[in-house]
Amino acid sequence: MTTTDPKTMKIAVYSVKDFETPFFDDYGKNSHALTLIEEPLTKNNTDKADGCQAIISFPTDDISAEVIEKLSDLDINYIVSRSAGVDHIDIDKAKDEGIKVANAPEYSPSAIAEHAAGIMLLLNRNLIQADEKVSRHDFRLKGLVGKELRKQTVGIIGVGSIGAKLTEILHGFGSKVLLYDIKKNEALEEKFNARYVGLDELCRHADVISIHAPLNEKTNHMIDREKFKIMKDGVMLLNLGRGAVVDTKALVEALKAGKVSKAGLDVYENEKGLFFYDHSGEQLQDETFAYLESNNNVFITTHQAFSTEDAIANMTKLAFECLEDWENGNDPESMI
Ligand code: NAD
């Protein structure tokens, strides 16, 4: 844990990863008193924020009602998440306790959209298998015949800032793009020749489905057995939103049945305690994850899509801008 000299606002930053520290030094150390804490925030370590007015959080933190009560007892006034997603925060409870909450939207939609496009290309061209073959010195092309994004229909579920950027990228590849969202961004239809459709229609017609929706009551298990049933045989499914948007057990069944031929996952329903930690050499207890991880038609990155230099710099900067707005008596635009 590092504590700098007290300056203005005292801030506890939880879930700090080593690669983030230089960014906090750049943006925070001259104007704020920062306590950088490696562990995620849980009900057991709220005391580390004692004496602080604000928390800078990350999606690995558990900011449930119980934790918020403890933060309120410590007189925490502000929580800002250096993330777009805020499903780890009980927003209603924070409001009840008079704690203001904001997030860091659009810190770099390209980071996640480019990651999604990269996974689509990797899976379409069988690059996992290609790499395996090269490592065993099998230089034949057997089993490596791929597909072109140009010829595919890609369905994007959740068309906010990330989904919009992915629409633009896919338009560049020449793909036909179907969109599903509860809100329409008509400019996307005009600019990138994309088309909003219902969720079932998207599931029926897409060769590739990429999920970029937030996790909430409506999106929890939005992709379930029924949705897999109506998808095209051999569909490719990507999830870079939140793990629980997909019913993972149903995904495993769909992979086993060949309904889903390939999957690309940057998020996983039970990723808490798994992703962001070094479990090298351990037997994985989670059988579902063990199956996914051992299937070479499934490509997994461990919530890495956000992780670019630009994105980390921006998410840090946006978090401090929110706190500075509050310090100056204004509510930030991203207040929830
Ligand atoms: P955003 O707020 O710009 O867009 C979210 C979109 O989802 C909005 O257009 C909203 O209308 C739509 N939506 C909400 N409920 C819906 C529903 N029931 N059905 C369909 N669409 C619905 O957010 P964003 O910046 O595009 O990020 C989207 C999500 O991606 C975040 O909430 C977060 O969970 C996830 N994310 C993941 C990573 C990563 O590293 N894997 C990084 C950033 C964000």
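So, how was this worked out
- Residues numbered from 1 in each chain as written.
- Predicted model: local features only at pLDDT ≥ 70, side-chain atom pairs only at ≥ 80, totals over all residues.
- Heavy atoms only, no water.
- Buried < 20%, exposed > 50% of the residue type's maximum accessible area, 1.4 Å probe, protein only.
- Helix = DSSP H or I, 4+ residues; strand = E, 2+ residues; numbered from the N terminus.
- Contact = heavy atoms within 4.5 Å.
- Polar contact = N/O pair within 3.5 Å; in protein donor to acceptor, adjacent residues only side chain to side chain.
- Disulfide = S-S within 2.5 Å.
- Salt bridge = Lys/Arg side-chain N within 4 Å of Asp/Glu carboxyl O.
- Pairing = 2+ DSSP bridges.
- Near = heavy atom within 4 Å.
- Areas by Shrake-Rupley, 256 points an atom, 1.4 Å probe, with all protein chains shown as cover.
- Nonpolar A, V, L, I, M, F, W, Y, C, P; charged D, E, K, R; others polar.
- Domains from an automatic or database assignment.
- pLDDT = per-residue confidence, 0-100.
- Phe/Tyr/Trp six-rings, centres within 6.5 Å; stacked < 30°, edge-to-face > 60°.

**Quick notes on helix H10 (residues 248–256)**
Here comes step 1: By the burial criterion, the buried members of H10 are Thr248, Ala250, Leu251, Val252, Ala254 and Leu255.
Here comes step 2: Those residues of H10 that are buried are in contact with helix H9 (225–230), strand E11 (235–239), strand E12 (260–265), helix H11 (287–294) and strand E13 (298–300).
Here comes step 3: Its side-chain oxygen 3.2 Å from the backbone nitrogen of Lys249, Asp247 forms the N-cap of H10.
Here comes step 4: Positive phi shows up at Gly258, right after H10, with a value of about 80 degrees.

**Considering the state of the cysteines**
Here comes step 1: Evaluation of the coordinates by the stated rule reveals zero disulfides.
Here comes step 2: Unpaired in terms of disulfides, Cys52 finds its nearest cysteine sulfur in Cys322, a separation of 17 Å.
Here comes step 3: Classification of Cys52 by relative accessible area gives buried; the value is 6%.

**Considerations on the pattern of salt bridges**
Here comes step 1: Counted under the stated rule, the structure contains 18 salt bridges.
Here comes step 2: Here Asp87 and Arg242 are joined by a salt bridge, their closest N and O atoms 2.9 Å apart. Here Asp87, found in the loop between strand E5 (78–81) and helix H3 (91–96), pairs with Arg242, found in the loop between E11 and H10; they are 155 residues apart in sequence, far enough to count as distant.
Here comes step 3: Classification of Asp87 by relative accessible area gives partly exposed; the value is 35%.

**Examining the pairing of strand E2 (residues 10–13)**
Here comes step 1: Two strands pair when backbone bridges link them, and E2 and strand E3 (residues 33–36) are joined in this way by four bridges, in the parallel orientation. From the neighbouring strand, Ile11 faces E3, where its bridge partner is Leu34.
Here comes step 2: Bridging between E2 and strand E4 (residues 54–57) involves three bridges; their strand directions are parallel. Looking across to E4, one finds that Val13 is bridged to Ile56.

**Concerning the site of the ligand**
Here comes step 1: Neighbouring residues of the ligand: 25 residues in total, closest Gly160, Ser161, Ile162, Asp181 and Asp266.
Here comes step 2: Contact distances for the ligand include 2.8 Å between a nitrogen atom and a side-chain N or O atom of Asp266.
Here comes step 3: Bound to the protein, the ligand loses 86% of the 860 Å² it would expose on its own.
Here comes step 4: In terms of residue class, the shell around the ligand is built from eleven nonpolar, nine polar and five charged.
Here comes step 5: There are two domains that each give the shell around the ligand at least three residues, and those are domain 1 (6–107 + 308–327) and domain 2 (109–300).

**Describing the confidence of the model for the protein**
Here comes step 1: Confidence in the prediction for the protein averages 95 pLDDT; 97% of positions are at 70 or higher.
Here comes step 2: Predicted confidence for residues 1–6 stays below pLDDT 50, and this span has 16 contacts to residues more than four positions away or in other chains.

**Digging into the packing of aromatic side chains**
Here comes step 1: Here the structure, examined in full by the defined rule, presents seven aromatic pairs.
Here comes step 2: Ring plane angle 35 degrees and centroid distance 6.4 Å describe the contact between Tyr268 and Phe275, whose orientation is recorded as tilted.
Here comes step 3: Among the residues examined, Tyr268 registers a relative accessible area of 4% and is labelled buried.
Here comes step 4: When the centroid spacing of 5.1 Å and the interplanar angle of 50 degrees are considered together, the rings of Tyr268 and Phe289 count as tilted.

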